[in-house]
Amino acid sequence: MLTEARAFCAAKGLLMPQSLVDAEASGLVAATVSLTLLCREGGIEDALRIMASGFFNAPVNLLPIATVDDASFACVVCLGDGEEPANHDPVVRWFLSDVDHKHQAALLDIDAYDYLVSLDEELSSREEGLRRVLDQIGPAYEHSHLEKEKRPRDFVVRPLRIACQNVIVALGAIAQDSSFDGLSVPAWQTCEVPHVATHEANRALAALTLCDAFQNGGTMEIRFDRNARILHKGKPLDFNGHPEQQVPSSLRRFGRTVGVTLGADDPAAITPREARELFLAITPMPLDLRARVDDAVQHRGITPERICFLLLSQVWREIEMDYLLATSGRTASILSGGAEWADRLARQAESEICRGAITVGMLYRRLNSTDAAAAGTKSVVRVIEDCTKGVDWTVYSDEAAITFTGLHANDSIPWTFGLSGVDTLTVFPRTSINPNVIDEIASAKVPGHKALLVPGDALPPTLRAPITVLRCPDRLADIDKTIEDRLLKSRISRG
């Protein structure tokens with residue numbers, strides 16, 4: 001049945017993927033005949049012809065096996081003749097259109113056999129899953145809560161919907177279940193679309209689900225086999241778990257691509273250990289921050305789910321979290337809501353670090369963003385979409401300083417009187433200007449142009465400062481109010 005695939009490998013001097021041979025021997029290929037290109041007459045040949053006319057030149061070792069959407073194929077990466085056979089045959093997504101190069105050939109699954117199995121399981125339950133969310137849970141929730149502007153309790157079955165550019169890419173439903181102190185998921189459906197990165201729908205829905213599990217204060221266990229009840233058209237309607245009665249295939253496939261095996265201990269559940277591993281794997285972090293987070297989890301007693309929740313909910317942004325972890329030994333207390341109000345010394349120490357984190361976060365967003373409206377363009381519509389410049393940062397823990405690289409030398413540095421010609425800037429966030437601070441900055445061995453970053457109402461220096469001073473637009477009292485707000489969110493975020 002894999003005649004075309006074998007002919008393709010023979011013509012290109014490639015090894016026939018063992019996973020496809022196993023899939024044929026087990027009958028999996030025959031079972032998925034309507035889902036793949038493997039058994040269709042001319043299927044692989046047509047796909048290769050379409051790939052050849054795409055925007056990118058496809059590598060010769062990509063064997064298309066399935067259609068992902070209108071603009072991409074799922075392709076097995078074949079080894080060359082003579083290469084050592086691998087344990088897995090990875091499946092990648094090959095885009096036909098002009099996409100960012102970093103998204104091309106993204107990993108869909110680590111093995112072709114697992115991919116075909118998951119595809120078969122996912123699509124066989126998709127119709128039931130969509131009907132459940134769109135026709136039953138969604139309308140019931142709209143009638144019981146949205147129309148009455150009523151806030152749901154955590155045990156109420158709540159629908160989730162994620163869209164990108166008016167295209168729905170993920171649907172789900174969740175409810176806290178006190179019988180096992182975890183989250184029950186009766187619905188979970190995702191899809192790939194041409195304008196969204198590979199597995200982004202799974203990542204977004206998983207992030208929402210994990211954040212909800214954290215906020216509910218449970219064990220982070222997520223089950224897909226528990227009964228859930230809604231009131232549909234005035235009558236109780238029960239669901240016997242997710243239609244697949246196990247961790248959804250698309251979610252397990254996504255987990256494999258980020259190195260987390262889901263449902264290993266219990267096929268119908270994501271255990272607390274798996275949930276924490278998945279939380280860490282899907283939370284976007286720069287490499288330096290990820291290393292500091294790993295160190296904090298292992299040596300400072302900070303739970304990974306708390307860090308991931310605070311980052312994903314943007315209570316503390318990535319650069320702010322990086323600064324806190326790099327420069328303070330009190331980060332565990334800060335991320336838990338701060339020291340007791342009666343412990344004045346501890347509160348003062350934490351406030352000083354938080355002030356630095358907040359001001360560098362403001363400065364980074366100012367340096368890294370392009371304000372089209374403020375730039376004097378003729379556009380009458382202010383663009384809110386991503387227009388970042390790609391500025392990067394490095395934290396120096398000993399100096400409590402942070403270096404920004406990738407600045408455009410022609411751009412003026414914000415919060416100065418038109419300072420320009422700087423492509424690397426190192427700032428020292430402090431709350432006052434005094435001779436000791438100036439001497440410390442002047443003697444620091446850090447790269448780039450050095451500058452002192454202070455609140456807007458910091459007193460002027462008593463001595464002539466040989467360094468640049470950046471004045472944050474916010475006053476110290478405004479910054480302290482922001483700190484209290486974030487500490488409060490950290491304290492009450494886990495119910």
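Above this text sits the structure in question.
Residues numbered from 1 in each chain as written. Predicted model: local features only at pLDDT ≥ 70, side-chain atom pairs only at ≥ 80, totals over all residues. Heavy atoms only, no water.

Caption draft 1: Representation of the pattern of salt bridges in the model. Counted under the stated rule, the structure contains 32 salt bridges. The shortest N-O distance in the salt bridge between E121 and R252 comes to 2.9 Å. Taken as a pair, E121 in helix α5 (residues 112–146) and R252 in helix α7 (residues 249–257) lie far apart in primary sequence, 131 residues in all. Overall, E121 belongs to the partly exposed group, its relative accessible area being 26%. Among the charged side chains, a network of salt bridges with common partners joins E221, R223, D225, R226 and D266. (Salt bridge = Lys/Arg side-chain N within 4 Å of Asp/Glu carboxyl O. Helix = DSSP H or I, 4+ residues; strand = E, 2+ residues; numbered from the N terminus. Buried < 20%, exposed > 50% of the residue type's maximum accessible area, 1.4 Å probe, protein only.)

Caption draft 2: Spotlight on the packing of α5 against α7. Remark: α5 packs on α7, axes separated minimally by 8 Å, with the N-to-C direction vectors making an angle of 155°. For the element pair α5 / α7, the angle class is roughly antiparallel. Note on element contacts: α7 touches α5 through S249, S250, R252, R253 and R256, opposite D114, Y115, S118, L119, E121 and E122. Classifying every residue of the contact of α5 with α7 gives two nonpolar, three polar and six charged. (Axes fitted to C-alpha atoms, helices over the stretch in contact; angles between N-to-C directions. Parallel < 35°, antiparallel > 145°, perpendicular 65-115°, else oblique. Contact = heavy atoms within 4.5 Å. Nonpolar A, V, L, I, M, F, W, Y, C, P; charged D, E, K, R; others polar.)

Caption draft 3: Up close: helix α11 (residues 318–327). Where burial is concerned, most of α11 is hidden: nine out of the 10 residues are buried. Burial in α11 covers these residues: I319, E320, M321, D322, Y323, L324, L325, A326 and T327.

Caption draft 4: Representation of the environment of R475 in the model. Structurally, the position occupied by R475 is in the loop between β16 (468–471) and α15 (476–492). Taking C-alpha positions, R475 is 14 Å from S351, a pair spaced 124 residues apart along the chain.

Caption draft 5: Spotlight on the side chain of Q136. Considering the arrangement of structural elements, one finds Q136 in helix α5. Taking relative accessible area as the criterion, Q136 reaches 11% and is therefore assigned buried. Here Q136 is in contact with R131, I230, H232, L237 and F239, once residues within four sequence places are set aside.

Caption draft 6: The packing of helix α6 (residues 200–215) against helix α10 (residues 304–312), seen in detail. With their axes 10 Å apart at the nearest point, α6 and α10 run at an angle of 120° to one another. Considered as vectors, α6 and α10 are oriented oblique to each other. The two elements α6 and α10 cross, and the hand of that crossing is left-handed. Contacts between α6 and α10 involve A207, C211, F214 and Q215 from the first element and E305, R306, F309 and L312 from the second. Here the residues of the contact of α6 with α10 are counted per class, giving five nonpolar, one polar and two charged. (Left-handed = near helix turned anticlockwise from the far one by under 90°.)

Caption draft 7: Structural context of the nonpolar core. Residues L251, L278, W316, M321, F404, V427 and L470 are the most contacted members of the largest nonpolar core, which totals 81 residues. Grouped together as the second largest cluster of nonpolar side chains are 36 residues, L2, L28, L38 and L63 included. (Core = buried A, V, L, I, M, F, W, Y, C linked by side-chain atoms within 4.5 Å.)

Caption draft 8: Fine view of the packing of aromatic side chains. Under the counting rule described, the total for this entry stands at five aromatic pairs. Relative to W393, the ring of Y364 lies with its centre 5.1 Å away and its plane at 75°, an arrangement referred to as edge-to-face. In this pair, Y364 sits in helix α13 (residues 344–368) while W393 sits in strand β12 (residues 392–396), placing the two residues 29 residues apart along the sequence. Neither residue differs from the other here; Y364 and W393 are each classed as buried. Sitting over the face of the ring of W316, R486 holds its NZ or CZ atom 5.1 Å from the ring centroid. (Phe/Tyr/Trp six-rings, centres within 6.5 Å; stacked < 30°, edge-to-face > 60°. Lys NZ or Arg CZ within 6 Å of the ring centre and 35° of its normal.)

Caption draft 9: Region of the structure containing empty space enclosed by the protein. Inspection of every chain in the model, using the stated rule, returns three cavities of 30 Å³ or more. Here the largest cavity is characterised by a volume of approximately 60 Å³. What lines the largest cavity is E352, R355, G356, T359, P429, R430, T431, L453, V454, P455 and I479. With four residues, α13 is the single largest residue contributor to the lining of the largest cavity. When the residues that make up the lining of the largest cavity are grouped by side-chain class, the tally is five nonpolar, three polar and three charged. If you add up the space inside the second largest cavity, you get close to 50 Å³. In terms of lining, the second largest cavity is formed by V185, W188, A206, T209, L210, I222, F224, L251, I270 and L278. Of all the elements in the fold, those that place two or more residues in the lining of the second largest cavity are β7 (182–190) and α6. The dominant element in the lining of the second largest cavity, judged by the number of residues it contributes, is α6, at three residues. Within the lining of the second largest cavity, the residues separate by chemical class into nine nonpolar, one polar and no charged. (1 Å grid on protein atoms, 1.4 Å probe; cavity = no way out; pocket = protein on both sides within 12 Å on 5 of 7 lines; lining within 4 Å. Points joined across faces, edges and corners; volume = space filled by probe spheres on them.)

Caption draft 10: Region of interest: the sheet that holds strand β2 (residues 72–77). One open sheet accounts for four strands, arranged β1-β2-β3-β4; its pairing is antiparallel. Across the chains shown, the open sheet's two edge strands, defined by having one partner strand only, are β1 (62–69) and β4 (106–109). For this sheet the average axis-to-axis angle between neighbouring strands, irrespective of direction, equals 40°. Where strand β3 (residues 91–95) lies against β4, three bridges are found, and the strand directions are antiparallel. Directly across from V92, in β4, lies its bridge partner L107. Packed on one face of the sheet, helix α4 (residues 43–52) meets β1, β2 and β3 and runs near 85° to β1. (Pairing = 2+ DSSP bridges.)

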